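What follows is each chain in one-letter form.
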Amino acid sequence: MSSDASGGFAQRAHDALGNRQLHIALDRTTAQLGMRRSTAVASLDNFDGVRDQARAAKMQVLRTLGDSLRRFEEQLIANGAHVHWADTGADANRIIVEIATRTGVRRVAKSKSMVSEETHLNGALEKAGIAVIETDLGEYIVQLANDRPSHIIAPIVHMTREQVGRVMHDRLAVPYSDDTQTLARYARERLREEFLQADMGLSGANFGVVENGTICLVTNEGNGRMVTTLPRVHVALMGIEKLVPTMADLDRFLKLLARSATGQKLTVYTTLIRGPRRAGDECGPEELHVVLLDNGRTNMLAGETAEILGCIRCGACLNACPVYRSVGGHAYGDVYPGPVGAIVTPGLRGLDRFAELPGASSLCGACRDVCPVRLDIPRMLLALRHQAVERTPQPFALRAGLKMFARVATRPRLYRAATALVRRALRARARNGWIAKAPGMASGWTAFRDLRAPAARTFEQQWRERQASRHRG
Amino acid sequence: MSDARAVILDRIERALRTARIPAVGDAGARAFQASDQRDAGARAFQASGVPLADRFVLEARALGVEVFVESTPEAARDRLRTLVAGLRVLSWNRDRLPYDCGAVVGEALPGSAPREEQAHADVGVTACHGAIAETGSLALISGPGCSRTVSLLPPWHIAVVRHEDLLATMGDFFLSRHDAMARAANCTFVTGPSRTADIELSLTVGVHGPGKVTVVLGP
């Protein structure tokens, strides 16, 4: 499950566009999720006001991140939890393997955690001889198929139910079925035993509440409750940015998260964890460990993309994005896909390796419109494009061409003459109003899309005529 | 490990000198300061004049929760008796259930029974520490006699809810149950039956948690 930058985004996107199965699967889901979100948003009075408040809370946390983390740690310890700090993904994995070894853990049951995908935790545990099983239905199927998740909240959005049926048939020796109810029952039966046998439960954290050290976890299936209730050790792995200041803020974020992610008013199970089991409790872990992970987050904080650390991983921007909806999650080459991934992945793994990702956007702004925290994703994509261009020497032809364009564009008379020429040339090539292949250097543009033929008269000409006729009228 | 802590905190301080964190508008800043007051949702709710019980029942049923509204303690108890007749019952401790429902589940397995036995129960019976009208959620705070497994392991969860458990919003719950939450290791909001939509968004109930949730709402 390593990150896959091979071939680059353009190549992977090109492959994805030719994958018919993928298109069926994406069409069946992303539009649906988008519509459900719209309906759910309408069910909340003053949705935009809540978004403003949530945004304010997140930006406040980032501005005071050091102090917030210290206070959060203090509260966790007061609640009886153990706190660990991990600089890199490898450090986080090492810490978790150490906890497992020290407490004699043989089996780990995991609820969905994007951060553990980011650190490739499963591989590290298996290398240490510890069995690990994913318990979120989608993640379980990903694990069975030896695949990778392709959506933040719907990991197997790229698979059809027929494909899921074949994976379960092959790997679990159960009769083939494409009935989702049956497939879910197979998973329930297999995983029930895992929950009861596991020594360690591993989860992420949707939110950490600074004022009282609460870890908040939401799941629809109940696996999040299982792994934090049944095993004797619970480890929560979370990025250092997942904090909210107060319980009142948490309330607001919960209102936004489920609505934006799946169109529910609230996720089925919202679990608030305040420490290991207390005296007299019949269940709950004896030990609670919280691992706070940096892994490139402070690098993001230092620059133009600091704002993306306010992301609550709802996935709404994926469903809204015309690029994601066409190419799916795997094309982005790492664990976080879509518009948010195009910013987070270069931040975590390096812009040099993923310089193409900020370009995987038409900058239409649909992501910003649906973001529950109102993150200005297009601004950050542009900032990263700018950085990528500054870092890489550009070819001579491009530099010379742009210099020439600048010279022409800043001289109105020359510009008008030049555009008139180009307009005439392009109109001569058009068939039914479209140009399929542009000549010379412009052919790069039409390699991926058709070009609309220019209008017969420019906007400026039409405007002047309109004004003139008004005066006459 | 303490090393990593110092390194990360130091890096954060340096990062914050160059971080571009957008300024927050007035509306956001005001809201942030007022964050510990009763939330706007609850106030709007009160203004609407809809009785809490009506809203709770409406929301819960929309989620697929079966709801019985009973007007007397006896009726609530009888309802529970009918529901669990002949079934293997797992239950919160008898003294944790309202309306003397403990008498109905007298022979039930307790949350302290071996896990394997609990896992084979047909139904789990709990009370609740709050019923959230706005979302149809049941709030369950862990503690002695209130095992989390009861609402989690069996395929069917029945909650006996008193009228006085009803609250408008989750924000209200956070304020009014502040102390109880601080004492407990875990607080869970159950909003409908366990479900997944991982396969082509097709709704499937009862994946890991109970696929059936029933509320007996008493006086």
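How each quantity is defined
Residues numbered from 1 in each chain as written. Chains lettered and ligands numbered in written order. Predicted model: local features only at pLDDT ≥ 70, side-chain atom pairs only at ≥ 80, totals over all residues. Helix = DSSP H or I, 4+ residues; strand = E, 2+ residues; numbered from the N terminus. Buried ≥ 20, exposed ≤ 12 C-beta atoms within 10 Å, placed from the backbone. Contact = placed C-beta atoms within 7 Å. Nonpolar A, V, L, I, M, F, W, Y, C, P; charged D, E, K, R; others polar. Pairing = 2+ DSSP bridges. Axes fitted to C-alpha atoms, helices over the stretch in contact; angles between N-to-C directions. Expected span 1.5 Å × (residues − 1). Arc of directions from axis to C-beta. Parallel < 35°, antiparallel > 145°, perpendicular 65-115°, else oblique. Left-handed = near helix turned anticlockwise from the far one by under 90°. Core = buried A, V, L, I, M, F, W, Y, C linked by C-beta atoms within 7 Å. pLDDT = per-residue confidence, 0-100. Domains from an automatic or database assignment.

Peer 1: Which parts of the structure should I look at to understand the overall build of chain B?
Peer 2: For chain B, the helix and strand inventory stands at eight helices and 12 strands. For chain B, buried positions account for 53% of its 219 residues. Considering only contacts in chain B between residues 6 or more positions apart, those separated by 24 or more positions represent 74%.

Peer 1: I would appreciate a short explanation of the interface of chain A and chain B in the present structure.
Peer 2: When the parts of a complex come together, some accessible area is lost, and that lost area is often used as the size of the interface. Between chain A and chain B, the residue contacts involve 83 residues of the former and 68 residues of the latter. Counting residues per element, the side of chain A that touches chain B draws most heavily on helix α3 (residues 47-63) of chain A, at 10 residues. Its residues assigned to classes, the side of chain A that touches chain B shows 34 nonpolar, 26 polar and 23 charged. Of the strand pairs in this sheet, strand β9 (residues 269-273) of chain A and strand β9 (residues 186-190) of chain B are connected by five bridges, and their pairing is antiparallel.

Peer 1: Sorry if this is basic, but what is going on with unusual backbone geometry here?
Peer 2: Excluding glycine, residues mostly carry a negative phi; peptide bonds, for their part, are mostly trans. Residues and elements named next belong to chain A. Although it is not a glycine, A173 sits at a positive phi angle of roughly 55°. Taking the C-beta count within 10 Å as the criterion, A173 has 7 such neighbours and is therefore assigned exposed. Although it is not a glycine, L363 sits at a positive phi angle of roughly 60°. Mapping L363 onto the fold places it in the loop between α16 (338-349) and α17 (366-370).

Peer 1: Can you help me understand the sheet that holds strand β3 (residues 131-134) of chain A in this one?
Peer 2: Within a beta sheet, neighbouring strands are joined by backbone hydrogen bonds and run either parallel or antiparallel to one another. Residue and element names in this part refer to chain A. Strands sit in the order β1-β10-β7-β4-β2-β3 across an open sheet of six strands; the sheet is parallel. The outermost strands of the open sheet, each flanked by one partner alone, are β1 (82-86) and β3. Mean inter-strand twist for the sheet, computed between neighbouring axes without regard to direction, equals 20°. Where β1 lies against strand β10 (residues 287-293), five bridges are found, and the strand directions are parallel. Its bridge partner lying in β10, H84 is registered against V291.

Peer 1: Where do I start with the sheet that holds strand β12 (residues 212-217) of chain B in this structure?
Peer 2: Residues and elements named next belong to chain B. Read across the open sheet, the six strands follow the order β1-β12-β7-β4-β2-β3; overall the sheet is parallel. Two strands in the sheet have a free side with no partner beyond their single neighbour: β1 (66-69) and β3 (109-110). Both strand β4 (residues 123-126) and strand β7 (residues 156-161) contribute to a ladder of three bridges, which runs parallel. Along β7, the bridge assignment pairs T126 with A159. Lying on the sheet, helix α4 (residues 52-62) is in contact with β1 and β12; it crosses β1 at an angle near 155°.

Peer 1: Hey, could you run me through helix α9 (residues 161-172) of chain A in this one?
Peer 2: Quick reminder: α-helices carry 3.6 residues per turn. Residues three or four places apart thus point the same way. Residues and elements named next belong to chain A. Across its 12 residues, α9 extends 16 Å between first and last C-alpha, which sits within 8% of the 16 Å expected from 1.5 Å per residue. All of the buried residues in α9 are V164, G165 and M168. On an axial view of α9, the arc spanned by its buried residues comes to 100°, and they lie on one face. Trailing α9 by a residue or two, A173 shows a phi angle of about 55°, which is positive.

Peer 1: Got a minute to help me understand the packing of α16 of chain A against helix α18 (residues 377-391) of chain A in this structure?
Peer 2: When two helices pack together, their arrangement is given by the angle between their axes and by how far apart the axes lie. All names here are of chain A. Running from amino to carboxyl end, α16 crosses α18 at an angle of 40°, the nearest separation of the two axes being 10 Å. As the angle between them shows, α16 and α18 are arranged oblique. Viewed along their axes, α16 and α18 form a crossing whose handedness is left-handed. Contact residues: P339, A342, I343 and P346 in α16; I377, M380, L381 and L384 in α18. For the contact of α16 with α18, the class distribution of residues is eight nonpolar, no polar and no charged.

Peer 1: Can you help me understand α16 of chain A in this one?
Peer 2: Residue and element names in this part refer to chain A. Its 12 residues place the ends of α16 16 Å apart at the C-alpha level, agreeing with the 16 Å of an ideal helix rising 1.5 Å per residue. All of the buried residues along α16 are G338, P339, V340, G341, A342, I343, V344, T345, P346, G347, L348 and R349. Following α16 by one or two positions, G350 has its phi on the positive side, about 105°.

Peer 1: Can you walk me through the nonpolar core in this structure?
Peer 2: Side chains of a nonpolar character, in soluble globular proteins, are inclined to be buried together. Counting residues in hydrophobic clusters, the biggest one holds 188 residues, and the most contacted among them are V291 and C317 of chain A together with V125 and V160 of chain B. Top element by residues in this core is helix α12 (residues 247-261) of chain A. It accounts for nine residues. Beyond its immediate sequence surroundings of up to four residues, C317 of chain A is in contact with G338, P339, V340, C367, V370, C371 and I377 of chain A.

Peer 1: Help me out: how do you make sense of the confidence of the model for chain B in this one?
Peer 2: Detail in the predicted coordinates should be disregarded across regions flagged by low pLDDT. Residue and element names in this part refer to chain B. Counting all residues, the mean pLDDT for chain B is 91, and 90% of those residues have values of 70 or more. In this model, residues 32-37 is a region of pLDDT below 50 whose contacts with residues beyond four sequence positions or in other chains number nine contacts. Among the prediction metrics, the complex's ipTM stands at 0.94, with pTM recorded as 0.91.

Peer 1: Where do I start with the environment of L166 of chain B in this structure?
Peer 2: As for its position among the elements, L166 of chain B is in strand β8 (residues 166-167). Considering only alpha carbons, one finds L166 of chain B and R14 of chain B, 152 residues apart in sequence, at a separation of 48 Å.

Peer 1: I keep staring at the domain arrangement of chain A and nothing clicks. Help me out?
Peer 2: Segmenting chain A into domains produces domain 1 (8-298) and domain 2 (396-472). Taking only C-alpha atoms into account, the centre of domain 1 of chain A sits 50 Å from that of domain 2 of chain A.

Peer 1: In this structure, what is going on with the environment of L309 of chain A? I would like to understand it.
Peer 2: Examined against the element boundaries, L309 of chain A turns out to sit in the loop between α13 (297-301) and α14 (316-320). Beyond its immediate stretch of four places on either side in the chain, L309 of chain A contacts L62, E241, R297, M300 and L301 of chain A.

Peer 1: Teacher, can you tell me more about the confidence of the model for chain A here?
Peer 2: Taken as a whole, chain A shows an average pLDDT of 93; of its residues, 99% reach a score of 70 or greater. Long-range and interchain partners of residues 1-5 of chain A, a stretch whose pLDDT sits below 50, account for 12 contacts in this model, where long-range means more than four residues apart.

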